[in-house]
Amino acid sequence: MKPKNLLSTPSTSDRRTFLKTGGVAAAALLTKGAIAAETPRTLPPLPDNTKTVAAMPTRNLGKTGYKVGIFSLGGQASLEKPANFDVAVPIIERALDLGVNYIDTSSIYGGPERWSEQYVGRVMKTRRNEAFLATKTKERTREGSLRMIEKSLQLLNTDHVDLWQLHDVGLPEDVDAIFAKGGAMEALIEMHDQKVVRYLGVTGHYRPEALIDAVNRYNFDTILMAMNAADTHIHSFTDKLLPLVVEKQMGIIGMKVPSRGRLLASWTPPSLDAQRHSWEGSAIAHRPGVMTMKDAMNFTLTQPVSTVIIGCDNIAQLEENVQIARNFTPLSNSQMAALNELAAPVAEQSLFFRFTDRSKG
């Protein structure tokens, strides 16, 4: 697919003005003429957090050549709460200090203000070369996605992101829209070719079929997919999707590992009313979970993933997760089977994201 001239859209003038006045070094990249007038752009070397190798095991992020620590920081939990700089920024700083070398965020985390990208950007302003930086677009059109990456660059205080992903691909209609003429895939390819983004990925947690279709249509570098001890009980990604992406040698990033706590015995269900008014309320929980955070992480890490991303509420949680990663030993087949069986009674509440009403967008 040949990249198209971004000057063909009415918003290009505004986009160019924004990027230049915003001080983002990618400013000139959004016009074909500017590219021709300059020497070819090259991306900097891959990020290098010198603490990672001593902090935890590392694995290949697919065929990218990047060695990622097996625990990575998710962009939700404290990192998506409004006006939470005093809590979120120290978590990100501490993660880098502890050797975490991959940070996940998204253009929709934290609502229209995109708080998560703001917090990450506050740290990236001075520590960009220590973290492989991943963000996402939920938009399904080329123009919408270009607006997303433009704002992401500004908020993240960078001129490039290491991984740009299609967010929450769950239905056949998502895939068709993304790959249609004028769809989001055009934006991903353009920004990759113009060296604004280093790698391309796809994400999802709803059902495996749409993701299978997407990765068969394009050779993505990575996939971010829901993988936890309850997965095989309902619309299994492990059974249906995982073998395909392993065969394609993609970087595999596991998410929903403790399922926002719902797998954990230490978790207390909120009131029914609170659940009904939350995203997690798509599957009402009536009881705590059944395992420890160590069990939950070790279960997913025993599978062929590159890393797992987990959002943290506080520094204590972050430090616990890094310690679990540092001490990780693969589970035996019998241990895996036992945890999978243990999760059965809480499978629905732990896979709440597979019961959301997709008709609401």
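Everything numeric in this text was worked out from a predicted model, so none of it was measured.

1. Things to note about the overall build of the protein chain
Phase 1: Secondary structure assignment for the protein chain yields 16 helices and 10 strands.
Phase 2: Across the 361 residues that make up the protein chain, the buried fraction comes to 56%.
Phase 3: Of all intrachain contacts in the protein chain linking residues separated by at least 6 positions in sequence, the fraction that spans at least 24 positions is 76%.
Phase 4: As presented, the protein chain carries roughly 14800 Å² of accessible surface, and 53% of it is formed by carbon and sulfur atoms.

2. What to know about the pattern of salt bridges
Pairs may arise between side chains of opposite charge once their charged atoms sit close together.
Phase 1: Within the structure shown, the criterion is met by 22 salt bridges.
Phase 2: Among the salt bridges present, the one from Arg142 reaches Glu143, with a minimum N-O distance of 3.6 Å.
Phase 3: In this structure, Arg354 engages Asp231 in a salt bridge whose closest nitrogen and oxygen atoms are separated by 2.9 Å. Of this pair, Arg354 sits in the segment after α16 (347-350) while Asp231 is found in the loop between β8 (222-226) and α10 (237-240), placing the two residues 123 residues apart along the sequence. Asp231 carries the same exposure label as Arg354, and that label is buried.

3. Let's talk about the nonpolar core
Phase 1: Residues Phe71, Leu73, Phe220 and Ile223 are the most contacted members of the largest nonpolar core, which totals 91 residues.
Phase 2: Among residues more than four places away in sequence, those in contact with Ile223 are Val202, Leu211, Val215, Leu241, Val245, Met250, Gly251, Ile252 and Ile253.

4. Some points on the environment of Glu130
Phase 1: Looking at the secondary structure, you find Glu130 in the loop between α5 (115-127) and β5 (132-137).
Phase 2: Glu130 sits in the buried class, given a relative accessible area of 16%.
Phase 3: Counting along the chain gives 27 residues from Glu130 to Ile103, while the straight-line C-alpha distance between them is 9.9 Å.
Phase 4: The residues contacting Glu130, other than those within four sequence positions of it, are Pro47, Asp48, Asn49, Lys51, Leu96, Val100 and Asn101.
Phase 5: At a separation of 2.9 Å, a polar atom in the side chain of Glu130 contacts the side chain of Arg127.

5. Describing the packing of α5 against helix α6 (residues 142-156)
Phase 1: Here α5 crosses α6 at 50 degrees, and the two axes come no closer than 7 Å. It follows that α5 is oblique to α6 by the angle criterion. For the pair α5 and α6, contact is made by Glu117, Gln118, Val120, Gly121 and Met124 and by Ser152, Leu155 and Leu156, respectively.
Phase 2: In terms of residue class, the contact of α5 with α6 is made up of four nonpolar, three polar and one charged.

6. Observations regarding helix α7 (residues 172-179)
Note on helix geometry: an α-helix contains 3.6 residues per turn, so any two residues three or four positions apart are oriented the same way.
Phase 1: Listing the buried residues of α7 in full gives Asp174, Val175 and Ile178. Projected onto a plane normal to the axis of α7, the buried residues spread over an arc of 95 degrees and lie on a single side.
Phase 2: Residues of α7 that are buried sit in contact with β6 (161-166), α8 (184-193) and α9 (208-217).

7. Regarding unusual backbone geometry
Phase 1: Residues other than glycine seldom take positive phi values, yet Asn157 does so here, at roughly 55 degrees.
Phase 2: Checked against the element boundaries, Asn157 lands in the loop between α6 and β6.
Phase 3: Phi at Arg260 is positive, roughly 55 degrees, even though this residue is not glycine.
Phase 4: Along the polypeptide, Arg260 turns up in the loop between β9 (251-255) and α12 (272-276).
Phase 5: In this structure Arg260 comes out as partly exposed when scored by relative accessible area, which is 33%.

8. What about the confidence of the model for the protein chain?
Where the model shows low pLDDT, its predicted coordinates should not be examined in detail.
Phase 1: Of the residues in the protein chain, 88% reach a pLDDT of 70 or more, and the chain-wide mean stands at 91.
Phase 2: Residue range residues 1-29 is modelled with pLDDT below 50. Its contacts to residues more than four positions away, or to other chains, number 57 contacts.
Phase 3: Taken together, the stretch residues 31-37 has pLDDT below 50 and engages in eight contacts with residues farther than four places along the chain or on a different chain.

9. Some points on the packing of α6 against α8
Phase 1: Viewed as axis vectors pointing N to C, α6 and α8 meet at an angle of 45 degrees, and their least axial separation amounts to 6 Å. Taken together, the axes of α6 and α8 lie oblique to each other. Judged by the twist between their axes, the crossing of α6 over α8 is right-handed. Residues Arg142, Ser145, Leu146 and Ile149 of α6 pack against Ala184, Glu186, Ala187, Glu190 and Met191 of α8.
Phase 2: Looking at the contact of α6 with α8, its residues break down into five nonpolar, one polar and three charged.

10. A word on helix α15 (residues 333-343)
Phase 1: Among the residues of α15, Met336, Leu339, Asn340 and Ala343 are the ones counted as buried. Looking down the long axis of α15, one finds its buried residues gathered within 100 degrees of arc, a one-sided arrangement. For α15, the exposed residues lying more than 90 degrees away from the buried face are Ser334 and Glu341.
Phase 2: Looking at the buried side of α15, the elements it contacts are α13 (293-301) and α16.

11. Focus on the pairing of β6
Phase 1: Among the six residues of β6, six are classified as buried, and the element is accordingly described as predominantly covered.
Phase 2: Viewed along the sheet, the connection from β5 through α6 into β6 turns out right-handed.
Phase 3: Pairing between β6 and strand β7 (residues 197-204): five bridges, direction parallel. Bridge pairing in β7 links Leu163 to Tyr199.

Basis of the calculations
- Residues numbered from 1 in each chain as written.
- Predicted model: local features only at pLDDT ≥ 70, side-chain atom pairs only at ≥ 80, totals over all residues.
- Heavy atoms only, no water.
- Helix = DSSP H or I, 4+ residues; strand = E, 2+ residues; numbered from the N terminus.
- Buried < 20%, exposed > 50% of the residue type's maximum accessible area, 1.4 Å probe, protein only.
- Contact = heavy atoms within 4.5 Å.
- Areas by Shrake-Rupley, 256 points an atom, 1.4 Å probe, with all protein chains shown as cover.
- Salt bridge = Lys/Arg side-chain N within 4 Å of Asp/Glu carboxyl O.
- Core = buried A, V, L, I, M, F, W, Y, C linked by side-chain atoms within 4.5 Å.
- Polar contact = N/O pair within 3.5 Å; in protein donor to acceptor, adjacent residues only side chain to side chain.
- Axes fitted to C-alpha atoms, helices over the stretch in contact; angles between N-to-C directions.
- Parallel < 35°, antiparallel > 145°, perpendicular 65-115°, else oblique.
- Nonpolar A, V, L, I, M, F, W, Y, C, P; charged D, E, K, R; others polar.
- Arc of directions from axis to C-beta.
- pLDDT = per-residue confidence, 0-100.
- Left-handed = near helix turned anticlockwise from the far one by under 90°.
- Right-handed = clockwise from strand over helix to strand, strands pointing away.
- Pairing = 2+ DSSP bridges.

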